Number of protein chains: 4
Amino acid sequence: MSREEIKTEVFIVSEMEETGEKKKSKYERYVQPCLAEVLGTFILVFVGCMSVVGNSGTSPMQPALSQGLTVAVLITMFAPISGGHFNPVVSLSFYLCGEMDLFLLLPYVLAQMIGATIAAFLTKTLYPADLYTKLLGGAFVTGAVGTAMLAETVFTLILIVVVCLGGINKVTQSPWAPICVGLIVAANILSGATVSGACMNPVRAFGPAVAANHWEDHWVYWLGPTCGTLLAVVFIRVFLGDQKTRLVLK
Amino acid sequence: MSREEIKTEVFIVSEMEETGEKKKSKYERYVQPCLAEVLGTFILVFVGCMSVVGNSGTSPMQPALSQGLTVAVLITMFAPISGGHFNPVVSLSFYLCGEMDLFLLLPYVLAQMIGATIAAFLTKTLYPADLYTKLLGGAFVTGAVGTAMLAETVFTLILIVVVCLGGINKVTQSPWAPICVGLIVAANILSGATVSGACMNPVRAFGPAVAANHWEDHWVYWLGPTCGTLLAVVFIRVFLGDQKTRLVLK
Amino acid sequence: MSREEIKTEVFIVSEMEETGEKKKSKYERYVQPCLAEVLGTFILVFVGCMSVVGNSGTSPMQPALSQGLTVAVLITMFAPISGGHFNPVVSLSFYLCGEMDLFLLLPYVLAQMIGATIAAFLTKTLYPADLYTKLLGGAFVTGAVGTAMLAETVFTLILIVVVCLGGINKVTQSPWAPICVGLIVAANILSGATVSGACMNPVRAFGPAVAANHWEDHWVYWLGPTCGTLLAVVFIRVFLGDQKTRLVLK
Amino acid sequence: MSREEIKTEVFIVSEMEETGEKKKSKYERYVQPCLAEVLGTFILVFVGCMSVVGNSGTSPMQPALSQGLTVAVLITMFAPISGGHFNPVVSLSFYLCGEMDLFLLLPYVLAQMIGATIAAFLTKTLYPADLYTKLLGGAFVTGAVGTAMLAETVFTLILIVVVCLGGINKVTQSPWAPICVGLIVAANILSGATVSGACMNPVRAFGPAVAANHWEDHWVYWLGPTCGTLLAVVFIRVFLGDQKTRLVLK
């Protein structure tokens, strides 16, 4: 069995029509993926917010493992349905690498914002209001804005490099990709929690921002991850990708 | 090798007769699965109770990892024998998705209750009586009943979505499913330990309740997980399942 | 690809002659496995002792993960050479299930005792003498002997059930077995560290006992795991095994 | 499917030309691997330094998991491009086992030094200067030099044994090897953090040394890992390797 044979296609929406055993219905191609993104993002942000507000100390171990493991599980489970993005910049990277249609990008991002917002409100219901307001679910800039911006850029760059190598680039695609994405999320939070929270996901910040109506410096969590994603895609499409993914240096 | 070929059937009792290399005897079809559920649930609840009573601090890291890893290991090992449920609402979800015969449901739940009760008494033997009575193995409502009820519903919903997608729904079935179920148990406990304990399993609460003879609000750990399971099964059978699993929207 | 095809034989010494691509030399069949057991047990006990003496707090998280992950890695790596036992009662369980020749059992146990002793002395060299003597590498009875004895029996029973189901019993054999054995070691230590240390391995206690010349209640760590192993083997060979492994109830 | 068929070649640069579906261009054979080593080592050392400086307590859990998980992810992702070394002594072990051309060894080590240095300076930018200077990213000798030297030798020996068995030695090669290397890194840090930091990687120490201009005892982190690597390679090539890898005792 060659290396090529054990590759499994993960994350990839555009190829799903071909691999499905039966032809997919319109519901399965357009509506179901968006519903899956709502549910998956809900689970991810709910677990994330709950673990931050309920964290028993100052160590980021609890939120890091909680969110990293959840990402690993959710991508494994939802990848065949929606690609398992749960993150606007992951969807963006798939679009920029030619693996996702533009007309699905906006619905995906909307679905992710809806799921995240429901999750944040549910967390608010479960914890005493003052505790929630004090902690805000954990993705808010507490130090210098420039530092947070730089940290979000670099951590998202790392995340998207793993997403692109594991999920898009043929030579490096791997059945371990969903687990790897989850583990790198955990590792990044363990590394960067005290600087910017290592959010790496605009809707992970957006949900709690709506629920707490707290918008100060919120743009950092959209701009930082987007810059990191653009850098990662450039690295992949110029330097690291295989002959199909690379645009130059063939 | 296509995606379909690397799927492995996990959890599924009803298909086991067909995949067995030799025809299964009556003992292997009816008695052995129940014995496996007794032993597996015993191990799960024993490790769970021990880790809660022996927890060295207030952080849920120790009980969360202990129970999550044990769930992952036990499902991997016992799935070919009994499906690896160890949880009445997991058995219920298999029944509701048409993957388990009704006449096995009650014996399974009884087996799980027996295993859990033995485990709780053994934990009581190993720890000083006062320590056990104070901590009670950890699945008791400490805050508002409504909050605990809601939290159990949502966390069990998340668990059963993963169980159904990974173990029943053909399109998303995965050899990683047992590991994923264990990891989502760990993630949920890390997120919800301070609200309701994130029990997600009626017999995980039932065993310690018998050993401590403590029944206050015990119904929460049966009703909450059941509600979560019903919601998860509706999501799967109406929206997220594949053409075989979905009842509508074909 | 059927379930049967993706099984990999792990742990099993006696089948290695057949699966080797070339015929194994005498060196590879008798000497190399014992050297592998020396090196592997050295690594396991070294990492274990270092993590207990160097533990930064009272939480068992650090020793539990350190030893559990090391077990998982070592079994994965050494299984094709020696079966990856590193534990006299694991060797015993393979012998009792008919998967290991009797004349290899004693050399294996001797190899494990040698590796463990070297590891304990090296740990003693790396830490200040008083620190080592105070902590003794962590496998010593601190509470009631009966409690420790019972705890070692039950935790080893759990370990050996996983070893037998994952490595011997054909129906449940799994490529995940080495990882599962490591994870259940971690989970057991997280659960039982405060009761008996959850040693589950006579030589893990033997090495530090030699290095510290501390033999009080040492027999507990030989008798407890042996009782647990005998119970586990009875469960497997009478109730839980497949038609080949089960001795009765066919 | 035989054991041999499910082996995947990981880490191995020299075999990549043959397994590539299309013939590799010069860019892909010489330039891309070095770029991958720069990026991969940057990510590894960045996550490592950030997790040490930002560690919320004295426990090594946070840096250990952060770096171990990152190693696992990076090897999985970059192995098909560059072998996924990110560590001069890993490259050295591949060269000594005949799996890497000598003329690539120096460029690899240079690439790793560049990546590590960029990472250390970026960490310095993200944290307040005094915090960084005080903690120095964590790979500096704090106790006796001899103890640190011995500890680095033994921990690197363990790491390289896993690397060689998992990535080079045919009989023990495993698709789990990248994960195993990451897990043993985590386990080693959990065990040896208080003695020498369990660096096991010269450039992991080199980067922060440049950024902090702190060279006291820096040679320990080059000499210790090199000694450990030489010992590990001797073990593999003399005792533990298969008939192809072993030089003697055939």
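The structure displayed is predicted, hence computed values, not measured ones.

### Section: the overall build of chain A
Secondary structure summary: chain A contains 10 helices and zero strands in total. The buried share of chain A, reckoned over its 250 residues, is 67%. Across chain A, the fraction of contacts at a sequence separation of at least 24, relative to all contacts at a separation of at least 6, is 75%. For chain A, the exposed surface amounts to about 7,900 Å²; the carbon and sulfur share of it is 67%.

### A short note on helix α4 (residues 88-96) of chain D
All names here are of chain D. Of the residues making up α4, those classed as buried are P88, V89, V90, S91, S93 and F94. Buried residues in α4 make contact with α5 (102-126), α7 (145-167), α9 (202-212) and α10 (220-240). Once α4 ends, the next one or two residues include G98, with phi positive near 75 degrees.

### As for the interface of chain A and chain B
In this assembly, 43 residues from chain A lie in contact with 45 residues from chain B. Counting the surface lost from both chain A and chain B, the interface buries some 3,700 Å², and carbon and sulfur atoms represent 74% of this. Viewed at the interface, chain B and chain A are joined by one salt bridge. Seen at the junction of chain A and chain B, the total is 11 residue pairs in polar contact (both at pLDDT 80 or more). Breaking the side of chain A that touches chain B down by element, the ones donating at least two residues are α2 (26-53), α3 (61-82) and α5 (102-126) of chain A.

### A closer look at the interface of chain C and chain D
By a widely used convention, the size of an interface equals the accessible area lost when the partners come together. Between chain C and chain D, the residue contacts involve 42 residues of the former and 45 residues of the latter. Both sides of the chain C and chain D interface together cover about 3,700 Å² of buried area, and 74% of this is carbon and sulfur. On the chain C side of the contact with chain D, V73, M77 and L126 of chain C bury the most area, a combined 16% of that side's loss. The interface formed by chain C and chain D contains one salt bridge. In this assembly, chain C and chain D are joined by 11 residue pairs in polar contact (both at pLDDT 80 or more). Looking at the side of chain C that touches chain D, the elements that each hand over two or more residues are α2 (26-53), α3 (61-82) and α5 (102-126) of chain C. For the side of chain C that touches chain D, a count of residues per class yields 25 nonpolar, 11 polar and six charged.

### Looking at the relation of the copies chain A and chain B
Between the two copies of this chain, the relationship is a rotation about some axis together with a displacement along it. The transformation that overlays chain A on chain B combines an axial shift of 0.0 Å with a rotation of 90 degrees, and the residual RMSD is 0.0 Å. The two molecules are tied by a four-fold rotation axis, judged by turn and shift. Scanning chain A for the C-alpha nearest the rotation axis identifies M61 of chain A, at a separation of 5.7 Å. A low fraction, 12%, of the interface residues of chain A reappear at the interface in chain B, so the copies pair through non-equivalent surfaces.

### Considering the relation of the copies chain C and chain D
Note on the identical chains: chain C maps onto chain D by a rotation of 90 degrees and an axial translation of 0.0 Å, with an RMSD of 0.0 Å. Interface overlap between copies is the fraction of interface residues in one copy that are interface residues in the other; for chain C against chain D it is only 12%, indicating separate surfaces.

### Thoughts on the UniProt feature "transmembrane region" (unreviewed entry) in chain A
Summarizing the sequence annotation, UniProt attributes the feature "transmembrane region" (unreviewed entry) to residues 30-53, 65-90, 102-123, 135-164, 176-199 and 219-240 of chain A in the numbering used throughout. Across residues 65-90 of chain A one finds 81% helix and 0% strand; the C-alpha atoms that close the span lie 20 Å apart.

### Section: the packing of helix α2 (residues 26-53) of chain B against helix α9 (residues 202-212) of chain B
Residues and elements named next belong to chain B. Running from N to C, α2 and α9 point in directions that differ by 65 degrees, and their axes come no closer than 10 Å. Classified by the angle between their axes, α2 and α9 sit roughly perpendicular to one another. In this structure, α2 meets α9 at a crossing whose hand is right-handed. Judged by residue contacts, T41, V45, G48, C49 and V52 of α2 engage V203, R204 and P208 from α9.

### Digging into unusual backbone geometry
Backbone geometry places A198 of chain C, a non-glycine residue, at a positive phi of 45 degrees. Its location among the elements puts A198 of chain C in the loop between α8 (177-192) and α9 (202-212). The backbone of N213 of chain D sits at a positive phi, close to 45 degrees, despite the residue not being glycine. Taking the relative accessible area as the measure of exposure, N213 of chain D reaches 61% and is therefore exposed.

### Brief notes about the packing of aromatic side chains
Counted by the stated rule, this structure contains 30 aromatic pairs over all chains. For the ring pair F206 of chain A and W222 of chain A, a centre distance of 6.4 Å and an interplane angle of 80 degrees mean the geometry is edge-to-face. Of this pair, F206 of chain A sits in helix α9 (residues 202-212) while W222 of chain A sits in helix α10 (residues 220-240), placing them 16 residues apart in sequence. With relative accessibility at 16%, the residue F206 of chain A sits in the buried group. Measuring from centroid to centroid gives 5.3 Å for F46 of chain C and F155 of chain D, while their planes differ by 45 degrees, and the two rings are tilted. In this pair, F46 of chain C sits in helix α2 while F155 of chain D sits in helix α7, so the two residues belong to two different chains. Residues F46 of chain C and F155 of chain D agree in their burial class; the two are buried.

### As for the side chain of Q62 of chain A
Checked against the element boundaries, Q62 of chain A lands in helix α3. Here Q62 of chain A is in contact with S51, G54, N55 and S56 of chain A together with S59, P60, M61 and L190 of chain B, once residues within four sequence places are set aside.

### A few points about the pattern of salt bridges
This structure, assessed with the given rule, holds seven salt bridges over all chains. Among the salt bridges present, the one from E28 of chain A reaches R246 of chain B, with a minimum N-O distance of 3.2 Å. Residue E28 of chain A is found in helix α2, and its partner R246 of chain B is found in the segment after α10 (220-240); the two belong to separate chains. Judged by its relative accessible area of 7%, E28 of chain A falls in the buried class. A salt bridge links K244 of chain D to E99 of chain D, with the nearest nitrogen and oxygen atoms 4.0 Å apart. Residue K244 of chain D is found in the segment after α10, and its partner E99 of chain D is found in the loop between α4 and α5; the two are separated by 145 residues along the sequence.

### Things to note about the confidence of the model for chain A
Residues and elements named next belong to chain A. Looking at chain A, pLDDT values average 87 and 86% of them are 70 or higher. Taken element by element, chain A is modelled with least confidence in helix α1 (residues 16-19), mean pLDDT 45, and with most confidence in helix α4 (residues 88-96), mean pLDDT 97. Across residues 1-21, confidence stays below pLDDT 50; counting only partners more than four residues off in sequence or on other chains, it has 62 contacts.

### Let's talk about the state of the cysteines
Applying the stated rule across the entire model yields zero disulfides over all chains. Cysteine C180 of chain C remains unbridged, with the sulfur of C180 of chain B as its closest cysteine sulfur at 13 Å. Note on C180 of chain C: relative accessible area 1%, which makes it buried.

### So, the environment of A209 of chain C
All names here are of chain C. The topology assignment puts A209 in helix α9. Of the residues examined, A209 reaches a relative accessible area of 0% and is grouped as buried. When the C-alpha atoms of A209 and A120 are compared, they prove to be 8.4 Å apart, with 89 residues separating the residues in sequence.

### Here we look at a nonpolar patch on the surface
Judged by side-chain polarity, Y30, V31, L35 and F103 of chain A together with F239, L247, V248 and L249 of chain B come together as a nonpolar surface patch covering roughly 680 Å² of accessible area. With respect to the helices, strands and loops of the structure, F103 of chain A is situated in helix α5.

### Some points on the packing of helix α4 (residues 88-96) of chain B against helix α5 (residues 102-126) of chain B
Residues and elements named next belong to chain B. Relative to each other, α4 and α5 sit at 170 degrees, their axes nearing to 9 Å. Taken together, the axis directions place α4 and α5 in an arrangement best described as roughly antiparallel. Contact with α4, carried on its side by P88, S91, L92 and Y95, involves L102, L105, Y108, V109 and Q112 of α5 and no other residues of that element. Residues belonging to the contact of α4 with α5 are distributed by class as follows: seven nonpolar, two polar and no charged.

### A short note on the environment of S25 of chain A
Relative to the helices and strands, S25 of chain A resides in the loop between α1 and α2. Considering only alpha carbons, one finds S25 of chain A and D242 of chain A, 217 residues apart in sequence, at a separation of 33 Å.

### Some words on the environment of W176 of chain B
Looking at the element boundaries, W176 of chain B is found in the loop between α7 (145-167) and α8 (177-192). For W176 of chain B, a relative accessible area of 13% puts it in the buried group. Distance in space between the C-alpha atoms of W176 of chain B and P60 of chain B is 25 Å, their sequence separation being 116 residues. When sequence neighbours within four positions are dropped, the list of residues in contact with W176 of chain B reads T76, P175, W176 and I179 of chain A together with W176 of chain C.

Conventions used here
- Per chain, residue numbering runs from 1 following the sequence as it is written.
- Here every chain gets a letter starting at A, and every ligand a number starting at 1, in the order they are written.
- Where totals are concerned, whole chains, interfaces and linings use all residues; where local detail is concerned, this predicted model gives features only for residues with pLDDT of at least 70, and gives and counts side-chain atom pairs only at 80 or more.
- With hydrogens and water set aside, each side-chain value is computed from the structure's full complement of heavy atoms.
- Only DSSP runs of H or I with at least four residues qualify as helices, and only runs of E with at least two residues qualify as strands; both kinds are numbered from the N terminus onward.
- With a 1.4 Å probe rolled over the protein chains alone, any residue whose accessible area is under 20% of its type maximum counts as buried; one over 50% counts as exposed, and the rest are partly exposed.
- Note on definitions: a residue-residue contact is assigned when non-hydrogen atoms from the two residues lie within 4.5 Å.
- All accessible areas in this document rest on Shrake-Rupley with a 1.4 Å probe, and a residue is counted as covered only by the protein chains that are shown.
- Accessible area, probed at 1.4 Å, shrinks when two parts are joined; the buried area is that loss added up over both.
- What makes a salt bridge here is a side-chain nitrogen of Lys or Arg within 4 Å of a carboxyl oxygen of Asp or Glu, nothing more.
- For this analysis, a polar contact is any N or O atom pair within 3.5 Å, provided that within protein one partner can donate a hydrogen and the other can accept it, and provided that sequence-adjacent residues contribute only side-chain to side-chain pairs.
- Residues are grouped as follows: Ala, Val, Leu, Ile, Met, Phe, Trp, Tyr, Cys and Pro are nonpolar; Asp, Glu, Lys and Arg are charged; every other residue, Gly included, is polar.
- For this overlay, a least-squares fit was computed on C-alpha atoms, restricted to residues scoring pLDDT of at least 70 in both copies.
- UniProt positions are given in the numbering used here, feature names are shortened, and annotations may be inferred rather than shown by experiment.
- Between the N-to-C directions of two axes lies an angle of 0 to 180 degrees, each axis being a line fitted to C-alpha atoms and, for a helix, fitted only over the stretch in contact.
- Reported orientations rely on four angle classes, namely roughly parallel under 35 degrees, roughly antiparallel over 145, roughly perpendicular from 65 to 115, and oblique for the rest.
- Each crossing is labelled by how the near helix is turned from the far one, with a counterclockwise turn of less than a right angle marking it left-handed and a clockwise turn marking it right-handed.
- In this analysis, rings of Phe, Tyr and Trp, with Trp reduced to its six-membered ring, are considered paired at centre separations within 6.5 Å, and the interplanar angle assigns stacked below 30 degrees, edge-to-face beyond 60, and tilted for intermediate values.
- Residue-level confidence of the predictor is summarised by pLDDT, bounded by 0 at the bottom and 100 at the top.
- Here, a disulfide means two cysteine sulfur atoms that sit within 2.5 Å of each other.
- A residue counts toward a patch only above 30% relative accessible area and without a salt bridge, and it is joined to like-charged neighbours within 9 Å or, for Val, Leu, Ile, Met, Phe, Trp and Tyr, to nonpolar neighbours within 5 Å.

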